[in-house]
Amino acid sequence: MRILPEFTKYGFPTVRLRRLRKNRIVRDLIAEVKVFPSSLVMPLFVKEGLMEREPIDGMPGQERLSINALIREVGELLDLEVRAILLFGVPSMKDEFGSSAYDRDGIVQKAVREVKKNFGEEITVMTDVCLCQYTSHGHCGIILEKGNRKIIDNDSTIEVLARIALSHAEAGADVVAPSDMMDGRVGAIRKALDEAGYTDTAIMSYSVKYASSLYGPFRNAAYSKPSFGDRRSYQMDPRNMREALREVELDILEGADIVMVKPASWYLDIVSLIKNHFNVPVAAYSVSGEYTMIKIMAEKGLIDEKQAVWEQLHSVRRAGADIIITYYAKQYAEWIRDGELP
Ligand code: PBG
Ligand code: ZN
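Quantities reported herein were computed from a predicted structural model and do not represent experimental measurements. (Residues numbered from 1 in each chain as written. Chains lettered and ligands numbered in written order. Predicted model: local features only at pLDDT ≥ 70, side-chain atom pairs only at ≥ 80, totals over all residues. Heavy atoms only, no water.)

So, the coordination of the zinc ion (ligand 2)
Item 1. The protein atoms donating to the zinc ion (ligand 2) are Cys130 (SG), Cys132 (SG) and Cys140 (SG), with metal-donor distances spanning 2.2 to 2.3 Å.
Item 2. Spacing between the donor residues of the zinc ion (ligand 2) along their common chain follows C-x1-C-x7-C. Here the residue Cys130 occupies a position in the loop between β5 (124–129) and β6 (142–146), and Cys140 occupies one in the loop between β5 and β6, the gap between them amounting to ten residues. Accessibility classification places Cys130 together with Cys140 in one group, the buried group. (Donors = N, O, S within 2.8 Å, 3.2 Å for Na, K, Ca; no water. Helix = DSSP H or I, 4+ residues; strand = E, 2+ residues; numbered from the N terminus. Buried < 20%, exposed > 50% of the residue type's maximum accessible area, 1.4 Å probe, protein only.)

Structure representation (structure tokens):
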């Protein structure tokens, strides 16, 4: 600490931090973090058998898309310089084993092929790899009856997940993103991809995924609410922090290229911790509940939506996220284009 020689007549040092806050230009010059559309990923729901698009109850402004609507949406995102999407499939067929998840002609596989046919390398297509939208019971894995208990079986699930990831890679996905939280799935997926020659397909692991209340609107959007029990036997306990380091360490060893923390806003300490401990790119997922909280408050006139989103995205960046996955990606990019942000 430097000794400050001068004092004002009021007795405080002559240093005045307000000098660099006086207008937008100065504030922009000294801003420590910035968020451009190029670091955002837009999550999109693509629904089998849908004509065009339908609004999602509980996520105002978000829609489920047909493949045609998806193609138009991607075109609009590219015009706004948002160059990455994370695809979620909403299938018309579910069964106990989630077999529509690895169907070569499944909704995600078809959607990826179409997007790649239309836009090629212009867009980075990430696909969510999980079972919950595809299983009749809504869990992220295969169910095994143990006595009178039903458990989510880890090792048979990771075989299915590897199969799903491979089907996405075959369709042309650039990045596969397992969101199930089974142990060892990153290694199983990496092995399956490499054996089939997909050594360039990257893995973004939902490494640190907490069992969060904030997924509520998503489960409504994707029809993926578990029909019994909850996800606490596989997703992380919100009280744990050191365990996040173990999850990430294992995923890196198993071959994850990008690690993700999810949710984002209530877990910024975890984002920061992971960023400071490891040398891999860190993604943070600002989930459906974070989106809807701002939307509903804004609709009620209780919050300035643009300011809130701007503040939230910069907070996530400040905590250390390289990549931010947010349902606001498109709107934020529009606000930047139109010069409407603070
Ligand atoms: C499921 C999955 C979830 C999300 C992405 N993939 C939620 C869940 O565990 O049910 C959450 C996304 C969001 O809330 O925006 N594997
Ligand atoms: Zn799942």
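Moving on, there is more to tell.
Here we look at the site of ligand 1
Item 1. Taken together, 17 residues sit near ligand 1, with Arg219, Gln235, Lys262, Ser288 and Tyr327 positioned nearest.
Item 2. In the environment of ligand 1, an oxygen atom lies 3.1 Å from a nitrogen or oxygen atom belonging to the side chain of Lys209.
Item 3. Relative to its free-state accessible area of 400 Å², ligand 1 is covered by the protein chains to the extent of 100%.
Item 4. The pocket occupied by ligand 1, as judged from atoms lying within 2 Å of grid points, is the largest cavity.
Item 5. Per-class residue counts for the shell around ligand 1 are nine nonpolar, three polar and five charged. (Near = heavy atom within 4 Å. Polar contact = N/O pair within 3.5 Å; in protein donor to acceptor, adjacent residues only side chain to side chain. Areas by Shrake-Rupley, 256 points an atom, 1.4 Å probe, with all protein chains shown as cover. 1 Å grid on protein atoms, 1.4 Å probe; cavity = no way out; pocket = protein on both sides within 12 Å on 5 of 7 lines; lining within 4 Å. Sits in = over half its atoms within 2 Å of the grid points. Nonpolar A, V, L, I, M, F, W, Y, C, P; charged D, E, K, R; others polar.)

Overview of the layout of surface pockets
Item 1. Considered as a void within the structure, the largest pocket measures approximately 900 Å³ in volume.
Item 2. Considering the residues around the largest pocket, the lining is formed by 29 residues, among which Asp28, Ala31, Val33, Trp310 and His314 are closest to the centre.
Item 3. When contributions to the lining of the largest pocket are tallied by element, the ones reaching two or more residues are α1 (24–30), α10 (305–319) and α11 (329–337).
Item 4. Residue classes in the lining of the largest pocket are distributed as 15 nonpolar, three polar and eleven charged.
Item 5. Considered as a void within the structure, the second largest pocket measures approximately 280 Å³ in volume.
Item 6. Taken together, 18 residues form the lining of the second largest pocket, with Ile151, Ile152, Arg232, Ser233 and Tyr234 sitting closest to its centre.
Item 7. Those elements that provide at least two residues to the lining of the second largest pocket are β7 (149–153) and α7 (242–254).
Item 8. It is β7 that contributes the most residues to the lining of the second largest pocket, four residues altogether.
Item 9. Tallied by class, the residues present in the lining of the second largest pocket amount to seven nonpolar, four polar and seven charged. (Points joined across faces, edges and corners; volume = space filled by probe spheres on them.)

Brief notes about the pairing of β6
Item 1. Bridge analysis of β6 against β7 gives five bridges, and the strand direction is antiparallel. Its bridge partner being in β7, Ile143 is matched across the sheet by Ile152.
Item 2. Between β6 and β7, which pair antiparallel in sequence order, lie two residues; one of them, Gly147, sits at a positive phi of approximately 65°. (Pairing = 2+ DSSP bridges.)

So, a nonpolar patch on the surface
Item 1. Together, Leu20, Ile25, Leu29 and Ile30 give the surface a local cluster of nonpolar side chains, amounting to about 430 Å² of exposed area.
Item 2. Mapped onto the secondary structure, Leu20 falls in the segment before α1.
Item 3. With relative accessibility at 45%, the residue Leu20 sits in the partly exposed group. (Patch = residues over 30% accessible without salt bridge, like charges linked within 9 Å, V, L, I, M, F, W, Y side chains within 5 Å. Salt bridge = Lys/Arg side-chain N within 4 Å of Asp/Glu carboxyl O.)

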